[in-house]
Amino acid sequence: SDAGPADLQVEGIGKTFRGLRALHEVRLSVPAGAIKGVVGPNGSGKTTLLNVVSGLYTPSTGEYAVGGVRATALGPTALSRHGVARTFQNLRLFADLTVRDNVLFALDRSRSAASAEYLVWPVGVVRDERRLRAEAEELLAEFGIADFADLAPRSLPYGIQRRVELARAVATGPRILLLDEPAAGLNGQEVAQLAQIVRTIRDRGVTVVLVEHNMGLVMSLCDEVAVLANGSVIADGTPEQVVADPAVVEAYLGD
Ligand code: ADP
């Protein structure tokens, strides 16, 4: 694992829904370049934590920073520009766009700031468009979805749709990628492919947070694992450390 500065630093995060405490004093540190797992029984607060650090929920207490910059009040659009991307437990693809256009849309948005200069150099638009298309084709090939580029996601097998969502998230050029149960609904072969894709994403320099029920995947993929139970972090360390932790064993037996 990486000893560099944290890419995501969560301090004292709490989230309460009408009296129900979903998160309590959560502290989490994700080193730059790491794959960090977040596991825990159903209802322990994993998705709520992802919803907070992707700006969809405002935390009731606490702060978090991305790349050393306070991000608590940014909201999802600014967080996306700041380099936070995510996938969802229930896929959220652009249903009416082709696979290629799902990826192109994300590539385009990530360059919206740079495109201002093309008001001055209109010829650049053509060049840039060509470069975007080349980048899209590269991503489609890398994620093994080039054969489906002209199809709408809804016509494709579920495992392929999951890969399209991953490719779209990576297309935004994130520094940190949040994955919410990416192995859900996948067969064994697809899980193995997913593991390889996540390693490739990390090797591109992207920090990964992996919320996942498939413990085999978490143990083989993650540099560090945090365990949530009843909205609190009850263990945080290497995969070997957390599986040997009696508090973790107890939390899972009580599930
Ligand atoms: P996990 O992802 O670990 O299964 P969740 O984060 O989905 O857990 O849920 C944690 C707790 O917060 C649960 O009790 C859940 O019912 C509650 N919760 C999550 N989102 C909401 C919401 N939008 N409104 C009310 N309660 C919620």
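Only a predicted model underlies this, so the values are computations on that prediction, with no experimental measurement involved. (Residues numbered from 1 in each chain as written. Predicted model: local features only at pLDDT ≥ 70, side-chain atom pairs only at ≥ 80, totals over all residues.)

Looking now at the environment of Arg202. Tracing the chain through its elements places Arg202 in helix 6 (residues 188-203). Apart from the residues lying within four places of it in its own chain, the contact partners of Arg202 are Gly33, Ile35 and Val208. (Helix = DSSP H or I, 4+ residues; strand = E, 2+ residues; numbered from the N terminus. Contact = placed C-beta atoms within 7 Å.)

If you check the shell around the ligand, you find Phe17, Leu20, Ala22, Gly40, Asn42, Gly43, Ser44, Gly45, Lys46, Thr47 and Thr48 and nothing else. Put simply, the parts of the chain that give the shell around the ligand at least two residues each are strand 2 (20-31) and helix 1 (46-53). Tallying contributions element by element places helix 1 first for the shell around the ligand, with three residues. Looking at the shell around the ligand residue by residue, the class counts come to three nonpolar, seven polar and one charged. (Near = placed C-beta within 6 Å. Nonpolar A, V, L, I, M, F, W, Y, C, P; charged D, E, K, R; others polar.)

Time to look at the domain arrangement of the chain. It is common to report an interface's size as the accessible area lost on association of the parts. Domain boundaries in the chain define domain 1 (1-83 + 174-255) and domain 2 (95-173). Contacts between domain 1 and domain 2 engage ten residues on the former and ten residues on the latter. Looking at which element gives the most residues to the side of domain 1 that touches domain 2, the answer is helix 6, with four residues. For the side of domain 1 that touches domain 2, a count of residues per class yields six nonpolar, three polar and one charged. (Domains from an automatic or database assignment.)

Moving on: helix 1. Burial analysis of helix 1 places seven of its eight residues in the buried class, the great majority of the element. Residues of helix 1 that are buried: Lys46, Thr48, Leu49, Leu50, Asn51, Val52 and Val53. (Buried ≥ 20, exposed ≤ 12 C-beta atoms within 10 Å, placed from the backbone.)

The subject of this paragraph is the environment of Leu210. Position of Leu210 among the secondary structure elements: in strand 8 (residues 207-211). Remark: the alpha-carbon pair of Leu210 and Leu179, spanning 31 residues in sequence, is separated by 5.0 Å. Excluding its chain neighbours within four sequence positions, the residues that come into contact with Leu210 are Ile35, Lys36, Gly37, Val38, Leu179, Val218, Leu221 and Cys222.

Ranked by internal contacts, the top residues of the largest apolar core, which has 65 residues, are Val103, Ala167, Leu177, Val208, Val209, Leu210 and Val227. For this core, the element with the most residues is helix 5 (residues 158-171), which contributes six residues. Here this core spans two domains, and each of domain 1 (1-83 + 174-255) and domain 2 (95-173) adds at least three residues to it. With sequence-adjacent residues up to four places away left out, Val227 is seen in contact with Val39, Gly40, Val233, Ile234, Ala235, Val242, Val248 and Ala251. (Core = buried A, V, L, I, M, F, W, Y, C linked by C-beta atoms within 7 Å.)

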